[in-house]
Amino acid sequence: MNDPRSGMRSDMSPLEVLLVEDSPGDVRLTRDAFINTNDRVNLSVAVDGAEAMAFLRNEGEYGNAPKPDLILLDLNLPKIDGREVLAAIKTDDILRSIPTIILTTSAAESDIVKSYKLQANAYLRKPVQLDAFDNLIRSISDFWLTKVKLPRQGGRS
Amino acid sequence: MTTSRKGGLIEVLLVEDSPGDVRLTREAFRDANSSVRLHIANDGVEAMAFLRQEGEHVDAPRPDFILLDLNLPKMDGREVLALIKRDDSLKTIPTVILTTSDAEADIVRSYQLQANAYLTKPVQLDAFESLVKSISDFWLTRVKLPQQRKNR
């Protein structure tokens, strides 16, 4: 999968993943799973919706934050809700092309439908079992970071 | 772990004009996931008729998932994507681009139009099969799809 001829990326630059998650346990599990799965991933974490938007808009202490290649977004978050973060991303001309995947404990049909209406790229439920969680992150990594063609970075700095 | 659906079938619409690619995709899905019922539209006009249940497609099921080629006769895949994602009823159907084009302009434009993901068709046969398996694993077993409403 690191074959440069595979056409994934012409360079071996890091894959920037932004995880928006308020649970320290889930952050840790996600980080560990990515470390075991894909050593090109550079995981950044925002612990609430306001921090996520500051990161994405390079505001305040995030003046030099990289533009993420992929966003993993929890729905139930302090300060600004994940639904609101999703709506803000998908109505922003620059941010909307970043694949944004919902990763949440909610199985409510209303959350699923609303997320797709707001143009979430995919909706996933957090598994309770530890090895299922690992498998899910592996599956996200395999599909989104090796198979999918992501838009190239805009060279924002 | 698959979302339970009426009849246990997952309705997939493949919009593809190449008979060879249709055949490869059909065979790969058959090997990957026996719950998939694959429907084919050979051009963009047929795809929209299927999705809108027009003409001979009046009884067409609402797809759970759409695989869409970009370069299509009659109506281009880019236009089909734009129509799907502008339609309040259709926009919730995950729509994944599967094309030979790796032009950055097509990739960016597709994501701007809210394609759910963008994939390029591998040339090698086993890579093609592995990609369809990967699509099936991620989208049809892991992802939570919106529930069907059989009567639209």
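Report on the accompanying structure. If you're wondering where the values come from, they're calculated on a predicted model, not measured in any experiment.

## What about the overall build of chain A?
Turning to step 1, where the next piece is worked out: Secondary structure assignment for chain A yields five helices and five strands.
Turning to step 2, where the next piece is worked out: Seen in sequence order, chain A has helices and strands lined up from the N terminus as β-α-β-α-β-α-β-α-β-α.
Turning to step 3, where the next piece is worked out: Per-residue burial over chain A gives 52% buried out of 157 residues.
Turning to step 4, where the next piece is worked out: In chain A, the proportion of contacts linking residues at least 24 apart, taken out of those at least 6 apart, comes to 68%.
Turning to step 5, where the next piece is worked out: Total accessible area computed for chain A in this model is approximately 6900 Å², and 50% of it derives from carbon and sulfur atoms.

## Notes on the overall build of chain B
Turning to step 1, where the next piece is worked out: Looking only at helices and strands, one finds five helices and five strands in chain B.
Turning to step 2, where the next piece is worked out: Computed over its C-alpha atoms, the radius of gyration of chain B comes to 14 Å, within 12% of the 15 Å expected for a compact globule of 152 residues.
Turning to step 3, where the next piece is worked out: Each of the three principal axes of chain B carries a C-alpha extent, and together these read 40 × 30 × 25 Å.
Turning to step 4, where the next piece is worked out: For chain B, the proportion of its 152 residues judged to be buried stands at 56%.
Turning to step 5, where the next piece is worked out: Within chain B, residue pairs in contact and separated by at least 24 positions form 68% of the contacts whose partners lie at least 6 positions apart.
Turning to step 6, where the next piece is worked out: When the accessible area of chain B is evaluated, it comes to approximately 6800 Å², of which 46% is carbon and sulfur surface.
Turning to step 7, where the next piece is worked out: The averaged location of the 23 negative side-chain charges in chain B is 8 Å from the averaged location of its 21 positive side-chain charges.

## Quick look at the interface of chain B and chain A
Turning to step 1, where the next piece is worked out: Counting from both sides, the interface comprises 30 residues of chain B and, opposite them, 30 residues of chain A.
Turning to step 2, where the next piece is worked out: Contact between chain B and chain A buries roughly 2700 Å² in total, counting both sides, with carbon and sulfur atoms accounting for 57%.
Turning to step 3, where the next piece is worked out: Remark: the boundary between chain B and chain A carries zero salt bridges.
Turning to step 4, where the next piece is worked out: Along the contact surface separating chain B from chain A lie 14 residue pairs in polar contact (both at pLDDT 80 or more).
Turning to step 5, where the next piece is worked out: The set of elements that each furnish at least two residues to the side of chain B that touches chain A consists of α4 (104–112), β5 (117–120) and α5 (125–142) of chain B.
Turning to step 6, where the next piece is worked out: The dominant element in the side of chain B that touches chain A, judged by the number of residues it contributes, is α5(B), at seven residues.
Turning to step 7, where the next piece is worked out: Each residue belonging to the side of chain B that touches chain A can be placed in one class, and the counts come to 15 nonpolar, eight polar and seven charged.

## Points about helix α2 (residues 49–56) of chain A
Residues and elements named next belong to chain A.
Turning to step 1, where the next piece is worked out: In terms of burial, α2 is a largely internal element, six of the eight residues being buried.
Turning to step 2, where the next piece is worked out: What α2 keeps buried is the set G49, A52, M53, A54, F55 and L56.
Turning to step 3, where the next piece is worked out: Looking at the buried positions of α2, the neighbouring elements they touch are β1 (15–20), β2 (41–46), β3 (70–73) and α3 (82–90).
Turning to step 4, where the next piece is worked out: N-capping of α2 is provided by D48, with a side-chain oxygen placed 2.9 Å from the backbone N of A50.
Turning to step 5, where the next piece is worked out: Just downstream of α2 lies N58, where phi reads positive at about 55°.

## Considering the sheet that holds strand β2 (residues 36–41) of chain B
Picture the strands of a sheet paired through backbone hydrogen bonds; they go either parallel or antiparallel.
Residues and elements named next belong to chain B.
Turning to step 1, where the next piece is worked out: Taken together, five strands build an open sheet; the order of strands is β2-β1-β3-β4-β5 and the sheet is parallel. Of all the strands in the sheet, just β2 and β5 have a single pairing partner and so form its edges. If you compare each strand with its neighbour and ignore which way they point, the axes differ by 20° on average.
Turning to step 2, where the next piece is worked out: Across four bridges, strand β4 (residues 95–99) lies against β5 in parallel orientation. When the bridges of β5 are listed, T99 appears paired with T120.

## Considering the sheet that holds β3(A)
All names here are of chain A.
Turning to step 1, where the next piece is worked out: Here five strands make up an open sheet; going across it, the order is β2-β1-β3-β4-β5 and the pairing parallel. Two strands bound the open sheet, and with one partner strand each, they are β2 and β5 (122–125). Averaged over all neighbouring strand pairs, the angle between strand axes comes to 20°, with direction disregarded.
Turning to step 2, where the next piece is worked out: Here β3 runs beside strand β4 (residues 100–104); their pairing, made up of three bridges, is parallel. Across the sheet, I71 pairs through a bridge with T100, a residue of β4.
Turning to step 3, where the next piece is worked out: Contacts from helix α1 (residues 24–37) reach β1, β2 and β3, with the element oriented near 170° to β2.

## Considerations on the pairing of β1(A)
All names here are of chain A.
Turning to step 1, where the next piece is worked out: Across the six residues that make up β1, a large majority, six, are buried.
Turning to step 2, where the next piece is worked out: The pairing of β1 with β2 spans six bridges and is classified as parallel. By the bridge assignment, L19 is partnered in β2 with V45.
Turning to step 3, where the next piece is worked out: Pairing between β1 and β3: four bridges, direction parallel.

## Re the pattern of salt bridges
When the charged atoms of two side chains with opposite charge come close together, those side chains can pair.
Residues and elements named next belong to chain B.
Turning to step 1, where the next piece is worked out: Tallied over the full model, the rule gives 19 salt bridges over all chains.
Turning to step 2, where the next piece is worked out: Measuring nitrogen to oxygen at the nearest pair gives 2.7 Å for the salt bridge that ties E11 to R37. One end of the pair, E11, is in strand β1 (residues 10–15); the other, R37, is in strand β2, with 26 residues separating them in the sequence.
Turning to step 3, where the next piece is worked out: Taking the relative accessible area as the measure of exposure, R37 reaches 38% and is therefore partly exposed.

Calculation criteria
Residues numbered from 1 in each chain as written. Chains lettered and ligands numbered in written order. Predicted model: local features only at pLDDT ≥ 70, side-chain atom pairs only at ≥ 80, totals over all residues. Heavy atoms only, no water. Helix = DSSP H or I, 4+ residues; strand = E, 2+ residues; numbered from the N terminus. Buried < 20%, exposed > 50% of the residue type's maximum accessible area, 1.4 Å probe, protein only. Contact = heavy atoms within 4.5 Å. Areas by Shrake-Rupley, 256 points an atom, 1.4 Å probe, with all protein chains shown as cover. Rg over C-alpha atoms; globule rule 2.2 N^0.38 Å. Lys, Arg positive; Asp, Glu negative; His and termini not counted. Charge placed at Lys NZ, Arg CZ, Asp CG, Glu CD. Buried area = accessible area lost by both parts, 1.4 Å probe. Salt bridge = Lys/Arg side-chain N within 4 Å of Asp/Glu carboxyl O. Polar contact = N/O pair within 3.5 Å; in protein donor to acceptor, adjacent residues only side chain to side chain. Nonpolar A, V, L, I, M, F, W, Y, C, P; charged D, E, K, R; others polar. Pairing = 2+ DSSP bridges. Axes fitted to C-alpha atoms, helices over the stretch in contact; angles between N-to-C directions.

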